[in-house]
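Listed here are the chains, written in short residue letters.
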Amino acid sequence: MKRAVYPGTFDPITFGHLDIIERSAKVVDELVIGILADSRKKNPLFTIEERLHMLQESTKQFSNISIQVFDGMTVDFAKKNNANLIIRGLRAVTDFESELQISQANQQLDSSIDTMFFTTSLEYAFLSSSIVKEMASYGTDISLFVPKPVVGMFHQKFPDLISAEKLNETSLL
Ligand code: COA
């Protein structure tokens, strides 16, 4: 049984993450998505409970995926789940340097755990959770970048957010 973990902050999950989830779930038997609770990233927009909810809602279509919240090191999270593979996405050269360093550090910590990289699909190469949050904070429609359940959760945080439906209505006038 090939089991992998896909760790991240997911504040929020984007179509870029979903692309990696979908593709990696095809090559492993089980994929455990790990939401890092004690992320060094300051002031997350969404609580752990909200991120867990959005990931559950956005990955319902996959039968071999589970989601957990974890604290501490990713290798320990992988070990706890009997996984010997860590999945990561690579968007650009800038990701490569830091991901290489992290994967090598993880290898030193536990040589039985490998990292498998997926190159992010071109259409999501520019995407990041921060970009989506910035767009939403200015009221821009974000439905092209995040799954539908996440759009709904953004509307609760930013009531002035423009919906795709509303944009269509306006352009028809
Ligand atoms: N498409 C679109 N966006 C993507 C993406 C993709 N395929 N892959 C990553 N991103 C974006 C994310 O949206 C995020 O954007 P943000 O910085 O604006 O929030 C950014 O790239 C990085 O996110 P992510 O890939 O989720 O990683 P992360 O930085 O949130 O989390 C951990 C990194 C959790 C894997 C890493 O910090 C970790 O393992 N921490 C635990 C401690 C540890 O074991 N450290 C390693 C050894 S020292």
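Relevant structure appears above.
Residues numbered from 1 in each chain as written. Predicted model: local features only at pLDDT ≥ 70, side-chain atom pairs only at ≥ 80, totals over all residues. Heavy atoms only, no water.

Caption draft 1: Structural view of helix 5 (residues 129–137). All buried positions along helix 5 are accounted for by Ser129, Val132 and Ala136. End-on, the buried residues of helix 5 take up no more than an arc of 65 degrees, which puts them together on one face. Structurally, helix 5 contributes buried residues whose contacts are with helix 1 (15–25) and helix 6 (148–157). Positive backbone phi, approximately 80 degrees, marks Gly139, located one or two places after helix 5. (Buried < 20%, exposed > 50% of the residue type's maximum accessible area, 1.4 Å probe, protein only. Helix = DSSP H or I, 4+ residues; strand = E, 2+ residues; numbered from the N terminus. Arc of directions from axis to C-beta. Contact = heavy atoms within 4.5 Å.)

Caption draft 2: Focus on unusual backbone geometry. In the segment running from Asp11 into Pro12, the intervening peptide bond is cis, with an omega of 5 degrees. Locating Pro12 in the fold gives a position in the loop between strand 1 (3–8) and helix 1. At Phe10, a residue that is not glycine, the phi angle is positive and equals roughly 55 degrees. Located in the positive-phi region is Asn82, a residue other than glycine, with phi close to 55 degrees. Note that Asn82 resides in the loop between helix 3 (74–80) and strand 4 (85–90). In this structure Asn82 comes out as exposed when scored by relative accessible area, which is 62%.

Caption draft 3: Broad picture of the pattern of salt bridges. Inspection of the entire model under this criterion finds nine salt bridges. Arg3 is the partner of Glu30 in a salt bridge, and the nearest nitrogen-oxygen pair spans 2.9 Å. Pair noted here: Glu30 is in strand 2 (residues 30–36) and Arg3 is in strand 1, with a separation of 27 residues, a long-range link. A salt bridge links Lys60 to Glu57, with the nearest nitrogen and oxygen atoms 3.1 Å apart. Looking at Lys60, the relative accessible area reads 60%, which means it is exposed. Residue class for Glu57 comes out partly exposed when judged on its relative accessible area of 29%. Here the salt bridges share partners, and the residues they tie into one network are Asp76, Lys79 and Asp110. (Salt bridge = Lys/Arg side-chain N within 4 Å of Asp/Glu carboxyl O.)

Caption draft 4: Quick peek at the packing of helix 2 (residues 48–58) against helix 6. The interhelical angle for the contact between helix 2 and helix 6, taken along N-to-C directions, is 150 degrees, at an axis separation of 9 Å. It follows that helix 2 is roughly antiparallel to helix 6 by the angle criterion. Touching Glu50, His53, Met54, Glu57 and Ser58 of helix 2 are Pro149, Val150, Met153 and Lys157, all from helix 6. Of the residues that constitute the contact of helix 2 with helix 6, the class distribution is four nonpolar, two polar and three charged. (Axes fitted to C-alpha atoms, helices over the stretch in contact; angles between N-to-C directions. Parallel < 35°, antiparallel > 145°, perpendicular 65-115°, else oblique. Nonpolar A, V, L, I, M, F, W, Y, C, P; charged D, E, K, R; others polar.)

Caption draft 5: Structural detail: the sheet that holds strand 4. Strand order across the open sheet formed by five strands is 3-2-1-4-5, with parallel pairing between neighbours. Only two strands of the sheet have a single neighbouring strand rather than two, namely strand 3 (65–70) and strand 5 (114–119). Averaged over all pairs of adjacent strands, the angle between strand axes in this sheet comes to 30 degrees, irrespective of strand direction. With six bridges connecting them, strand 4 and strand 5 associate as parallel partners. Its bridge partner being in strand 5, Ile87 is matched across the sheet by Met116. Contacts from helix 2 reach strand 2 and strand 3 within the one sheet, and its direction differs from that of strand 2 by about 155 degrees. (Pairing = 2+ DSSP bridges.)

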